[in-house]
Amino acid sequence: MTQELTSPSPAPQAPGTGRGPGWWRDAVIYQVYVRSFADSDGDGIGDLRGARERLPYLKDLGVDAVWLTPFYASPQADGGYDVADYRAVDPLFGTLQDADDLIRTAHDLGLRVIVDIVPNHTSDRHPWFQDPELSRQRYLFRPGKGESGELPPNDWESVFGGPAWTRTDRGDWYLHLFAPEQPDLNWDNPEVHTEFEAIMRFWLDLGVDGFRVDVAHGMIKAPGLPDIGHGAQAQLIGAQVLPFFDQDGVHAIHRAWRRLLDGYGDAHGRQVIGVAEAWAPTAERLALYVRPDELHQAFNFQFLNAPWQSDALRSVIDASLAATASVGAPTTWVLSNHDVVRHTTRLGGSLARARAATLLMLALPGSAYLYQGEELGLPEVTDLPDEVRQDPAFFRGGRATGAAGPGTDTESAPDGVAAAGGQDGFRDGCRVPLPWSGALPPYGFGPGGSWLPQPADWGGLTVAAQTGDPASTLELYRAALDLRRRLPGLGDGPMTWAPAPDGVLAFTRPGLLCTVNTLGHDVGLPAPGTPLLSSAPVTVDDATGRLPGDSCTWWAI
Ligand code: BGC
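Here the structure is a predicted model, which means the values were calculated and not measured.

Colleague: Help me understand the overall build of the protein in this model?
Modeller: When helices and strands are tallied, the protein shows 15 helices and 21 strands. For 557 residues, the compact-globule estimate of 2.2 N^0.38 gives 24 Å, and the C-alpha radius of gyration of the protein, at 23 Å, lies within 12% of that figure. For the protein, the C-alpha atoms occupy an extent of roughly 80 × 55 × 50 Å along the three principal directions. Counting across all 557 residues of the protein, residues that qualify as buried make up 62%. Taking contacts inside the protein between residues at least 6 apart in sequence as the whole, the part at least 24 apart equals 69%. For the protein, the accessible surface area stands at approximately 19000 Å², while carbon and sulfur atoms represent 53% of it.

Here it is in structure tokens:
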């Protein structure tokens, strides 16, 4: 499938171009899960036009960039992470012209645009996989074991459950770390490298400012594809190096992409970036992905997985900052995305904790990613009926991790954290379409319905309902992002821990002191300054500040 632009013209320039200190180092980037953001045509599925119409909302929210999840031509076996044509827009989401329009509108508003690239696997409908000869060079086919090759080539399990191998009519097997409709590419084949570099150039020519690299830890498999000798392998992801994840060989690919991105940026006076979705067992191994000659950012899932306890938070923050500092990169904080239970629900079903966690994240040095709807305090939807479920893991009886991280299965996740509070460990509950306005579904999501049912009680959570209400979560996000822009040094600058009572974290940033009370009750402490912003009402009497339970406060010092 080839799509043409009706009015090809030079790629629009992103705001603030050229090499400089690096716009990404402290950027707040908003994840648009396209199918659930805004629907322009009434088919109940969000699309690029809908997203473009809502860009002024994101500008007003105060973010620096948007990351769009895959909108490419795809049979949608895994929400678009099964790409059949990397250069075409799926009709569900619009046309290439719509993508071009969206990028231009974003740049006109001063927002940058990051798109997903999915290099570990394609769709099984991709022309390479459809071609019997090509497929055997460009994917990972192996003979089976057993007398007549009836057993899979090794014991690897799919992240979505079941064996990671499917047998073909010809009798051999192909590897798919995710669904059978997502065959893994053979990155030993130079044609695969050439193709992905060309795909990146295609989207850079259209004006995008970077790529979120899906499964950036997965492309290279250990030589000989050795057995793991352990069941329930999804539990090991992110806990140890596996023969299919976090192999050292992936770094050569990232180094080549960094050369491409820098070379392209230099030639066009732009700063274009790569962000790794990589699950590594330690902060040190994750930092390898952001060495100066590799990608610019890597999501910090260790922070996302941390429990709501001051000691645990402090040690994950320290480990993350030390590891990224050792390679000169900023840390990239994240609390929610389309693969994990929304943090309002994950942190004990507590909106208070979610609001505090967000203020904590936004006070830390580095970049932060927000997931659509978290600014509304949306909870995970936990009562979806089976007949509406779409997550492929749900149908394979596997675990609920798309990110292939430590799973979102409450029982079996290594620390049970990312999973806590979800319906049953699958990922549809964080993907329910956004409520924009009105008292009834689809709450302004679009002129039709919504592909997943929205709860009947979301009327008070809409953008319209929260706008202008100073106590709302939306206005808290707006105020925090506004302050973050106005306080110099709050993004990429120094941070120092300050003394604090048990259960409380305190640290200074340029011009600011941040306190986080992780306890469920008030704590008093000498008021460190004047409260600037708080996730819950803070009081100061006779120079004593009272921090409400589960709250975060920014103090002017
Ligand atoms: C994406 C998931 C997806 C998986 C396979 C993950 O990184 O975030 O949504 O299911 O990769 O592509």
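That shown, we press on.
Colleague: Explain the sheet that holds strand β19 (residues 539–541) to me, please; I cannot follow it from the model alone.
Modeller: In a beta sheet, neighbouring strands pair by backbone hydrogen bonds and run either parallel or antiparallel. Spatially, β17-β20-β19 is the arrangement adopted by the three strands of the open sheet, whose pairing is antiparallel. For this open sheet the edge positions go to β17 (523–526) and β19, each flanked by a neighbour on one side alone. Averaged over all adjacent pairs, the angle separating strand axes in this sheet is 30°, with direction ignored. Sheet analysis places β19 next to strand β20 (residues 544–547), joined by three bridges and oriented antiparallel.

Colleague: It is not clear to me how the side chain of glutamine 76 should be interpreted in this structure. Could you clarify?
Modeller: Tracing the backbone through its elements, the reader meets glutamine 76 in the loop between β3 (72–73) and β4 (85–89). Within polar-contact distance, the side chain of glutamine 76 engages the side chain of arginine 35 at 2.8 Å. Sequence-distant contacts of glutamine 76, that is, excluding residues within four places in its chain, are made with Arg35, Asp82, Asp90, Leu92 and Phe93.

Colleague: I tried to follow the site of the ligand on my own but got confused; where do I start?
Modeller: The full set close to the ligand counts 16 residues, and Asp78, His121, Asp214, Glu277 and Asp339 are the nearest of them. At 2.5 Å from an oxygen atom of the ligand is found a side-chain nitrogen or oxygen belonging to aspartate 78. Here an oxygen atom of the ligand and a side-chain polar atom of glutamate 277 are 2.5 Å apart. Protein chains bury 100% of the 310 Å² of accessible surface belonging to the ligand in isolation. Its residues assigned to classes, the shell around the ligand shows five nonpolar, four polar and seven charged.

Colleague: Sorry if this is basic, but what is going on with helix α12 (residues 351–363) here?
Modeller: For α12, with 13 residues, the first-to-last C-alpha span of 18 Å sits near the 18 Å given by 1.5 Å per residue. Counting buried residues along α12, 10 of its 13 residues qualify, which places the element largely inside the surrounding structure. For α12, the set of buried residues is Ala354, Arg355, Ala356, Ala357, Thr358, Leu359, Leu360, Met361, Leu362 and Ala363.

Colleague: Could you clarify how one ought to interpret the pairing of strand β13 (residues 367–371) in this entry?
Modeller: Most of β13 is tucked away, with five of its five residues classed as buried. Covered by surrounding structure in β13 are Ser367, Tyr369 and Tyr371 together with Ala368 and Leu370, the residues of both alternating faces. Pairing geometry for strand β1 (residues 28–32) and β13, over four bridges, is parallel. Pairing of isoleucine 29 across the sheet is with tyrosine 369, part of β13. Bridging between strand β12 (residues 332–334) and β13 involves three bridges; their strand directions are parallel. Bridge pairing in β13 places tryptophan 333 opposite alanine 368.

Colleague: Even after reading the chapter, I still don't get the packing of helix α6 (residues 190–205) against helix α7 (residues 250–268), so can you show me in this structure?
Modeller: A pair of packed helices can be characterised by two numbers: the angle between their axes and the separation between those axes. Where α6 meets α7, the closest approach of the two axes is 11 Å, and the angle between their N-to-C directions is 30°. On the basis of the axis angle, α6 is roughly parallel to α7. When you trace α6 past α7, the crossing you get is right-handed. Taking contact as the criterion, the partners of His193, Phe196, Glu197, Met200, Arg201, Leu204 and Asp205 in α6 are, on α7, Ile253, Ala256, Trp257, Leu260, Leu261 and Tyr264. Looking at the contact of α6 with α7 residue by residue, the classes come out as nine nonpolar, one polar and three charged.

Colleague: What is the right way to read unusual backbone geometry from this model?
Modeller: Most peptide bonds are trans, and most residues other than glycine sit at a negative phi. In this chain, proline 441 is followed by proline 442 through a cis amide linkage whose omega measures 5°. Structurally, the position occupied by proline 442 is in the loop between α13 (392–396) and α14 (463–466). Of note, valine 215 is a non-glycine position whose phi angle comes to about 45°, a positive value. Structurally, valine 215 can be placed in the loop between β9 (210–213) and α7. Positioned with a positive phi, alanine 543 is a non-glycine residue whose angle comes to about 65°. Assignment of secondary structure puts alanine 543 in the loop between β19 and β20.

Rules of the game
Residues numbered from 1 in each chain as written. Predicted model: local features only at pLDDT ≥ 70, side-chain atom pairs only at ≥ 80, totals over all residues. Heavy atoms only, no water. Helix = DSSP H or I, 4+ residues; strand = E, 2+ residues; numbered from the N terminus. Rg over C-alpha atoms; globule rule 2.2 N^0.38 Å. Buried < 20%, exposed > 50% of the residue type's maximum accessible area, 1.4 Å probe, protein only. Contact = heavy atoms within 4.5 Å. Areas by Shrake-Rupley, 256 points an atom, 1.4 Å probe, with all protein chains shown as cover. Pairing = 2+ DSSP bridges. Axes fitted to C-alpha atoms, helices over the stretch in contact; angles between N-to-C directions. Polar contact = N/O pair within 3.5 Å; in protein donor to acceptor, adjacent residues only side chain to side chain. Near = heavy atom within 4 Å. Nonpolar A, V, L, I, M, F, W, Y, C, P; charged D, E, K, R; others polar. Expected span 1.5 Å × (residues − 1). Parallel < 35°, antiparallel > 145°, perpendicular 65-115°, else oblique. Left-handed = near helix turned anticlockwise from the far one by under 90°.

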